[in-house]
Amino acid sequence: MSARVHALVPLKDLEAAKTRLADLLSRDQRRALVHAMAADVLAVLVAHPAVATVTVLSDAPEVAALAREAGARHWSEAALLAGAGCDADGLRPADPLNRVLQAAAERVAATAEPGALTLVLHADLPCLGAADIDAALAARETSGGVVLGCDAAGTGSNLLLCAAAAPPVFQFGPGSAEAHRRGAETHKNPFRCLHLPGVASDIDTPQDLQQLDRQAPGPRTAAWLHGWHHEDTRSA
């Protein structure tokens with residue numbers, strides 16, 4: 001697992017994130033949770049010996065400081081899109097997330113060393129560990145092509161690992177695991193889908209948050225959970 005890895009972590013506006021938790025958490029609580037989970041994900045990536053660079057993709061004002069504190073880079077989504085052209089086929093994914101990721105991956109490809117890998121990872125994975133990254137890298141070394149880490153349902157894409165020089169057309173969103181598989185098949189690119197515990201445990205719903213109590217989240221998320229439970233106890 002000697003390939004150098006360049007990690008891309010997209011992060012939405014913290015004020016508008018995790019709206020499906022609105023019945024359980026206030027806007028400030030959701031914002032703090034997203035911040036804590038992202039900090040834990042960035043800490044794992046920055047500390048991993050195979051990861052050469054970690055870049056957060058966001059236009060949220062506070063994310064630049066979050067990235068800097070973690071030892072990561074920050075790229076503005078607006079700047080990425082302003083500088084993006086069309087790919088070789090004249091195509092570009094229609095939704096903003098995939099357009100931003102495509103532009104960022106192309107920027108990485110322009111300067112990456114031979115054999116380097118691009119890793120796309122969501123920021124809402126509080127149980128992510130170095131072992132999850134190790135497993136994805138080992139699978140990529142064995143199989144080549146595209147390695148995907150799915151969500152708990154097996155339908156979403158929470159991690160994607162590929163050659164930096166040849167990123168696929170990203171298809172993140174509902175049903176993205178199958179969309180990425182079809183894309184790899186179309187381009188005759190090997191594809192492997194993994195169920196990794198720390199990658200599958202994204203936090204989107206109240207049920208996800210309840211299950212988090214029975215898992216082992218990173219320190220920032222664990223501290224947020226402790227504070228949230230303390231607030232609940234005081235207000236009961």
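Structural notes, computed from the coordinates. (Residues numbered from 1 in each chain as written. Predicted model: local features only at pLDDT ≥ 70, side-chain atom pairs only at ≥ 80, totals over all residues. Heavy atoms only, no water.)

## Here we look at the environment of Ala 136
Consideration 1: For Ala 136, the position within the fold is in helix H5 (residues 130-143).
Consideration 2: Note on Ala 136: relative accessible area 1%, which makes it buried.
Consideration 3: The residues contacting Ala 136, other than those within four sequence positions of it, are Val 147, Leu 159, Leu 161, Leu 194 and Leu 196. (Helix = DSSP H or I, 4+ residues; strand = E, 2+ residues; numbered from the N terminus. Buried < 20%, exposed > 50% of the residue type's maximum accessible area, 1.4 Å probe, protein only. Contact = heavy atoms within 4.5 Å.)

## Things to note about the sheet that holds strand E2 (residues 51-57)
Consideration 1: If you trace the seven strands from one edge of the open sheet to the other, you get E3-E2-E1-E4-E6-E5-E7, paired in mixed fashion. Since the sheet does not close on itself, it has two edges, and those belong to strand E3 (73-75) and strand E7 (191-194), each with one partner. Going across the sheet, the axis of each strand differs from the next one's by a mean of 20°, ignoring polarity.
Consideration 2: Bridge analysis of strand E5 (residues 146-150) against E7 gives four bridges, and the strand direction is parallel. Looking at the pairing, Leu 148 lines up with Cys 193 of E7.
Consideration 3: Its contacts with the sheet put helix H1 (residues 27-47) on strand E1 (5-10), E2 and strand E4 (117-121), and the angle it makes with E2 is roughly 155°. (Pairing = 2+ DSSP bridges. Axes fitted to C-alpha atoms, helices over the stretch in contact; angles between N-to-C directions.)

## Looking at unusual backbone geometry
Consideration 1: Non-glycine residue Lys 18 carries a positive phi angle of around 55°.
Consideration 2: Structurally, the position occupied by Lys 18 is in the loop between E1 and H1.
Consideration 3: What makes Lys 18 buried here is its relative accessible area of 15%.

## Some details on helix H4 (residues 96-111)
Consideration 1: With 16 residues, H4 extends 23 Å from end C-alpha to end C-alpha; this agrees with the ideal 22 Å at 1.5 Å per step.
Consideration 2: Inspection of H4 places Asn 98, Val 100, Leu 101, Gln 102, Ala 103, Ala 104, Ala 105 and Val 108 among the buried residues, and these make up the whole buried set.
Consideration 3: Next to the buried residues of H4 lie E1, E2, E3, helix H3 (77-82) and E4. (Expected span 1.5 Å × (residues − 1).)

## A word on the nonpolar core
Consideration 1: Leu 11, Leu 45, Val 54, Leu 119, Leu 121, Leu 128 and Leu 161 are the most contacted members of the largest nonpolar core, which totals 38 residues.
Consideration 2: Among the elements that make up this core, the one with the highest residue count is H1 (seven residues).
Consideration 3: With sequence-adjacent residues up to four places away left out, Leu 11 is seen in contact with Val 34, Ala 38, Val 56, Leu 57, Ser 58, Val 63, Leu 66, Glu 77 and Ala 123.
Consideration 4: Membership of the second largest hydrophobic core comes to 21 residues, among which are Leu 57, Leu 101, Ala 103 and Val 108. (Core = buried A, V, L, I, M, F, W, Y, C linked by side-chain atoms within 4.5 Å.)

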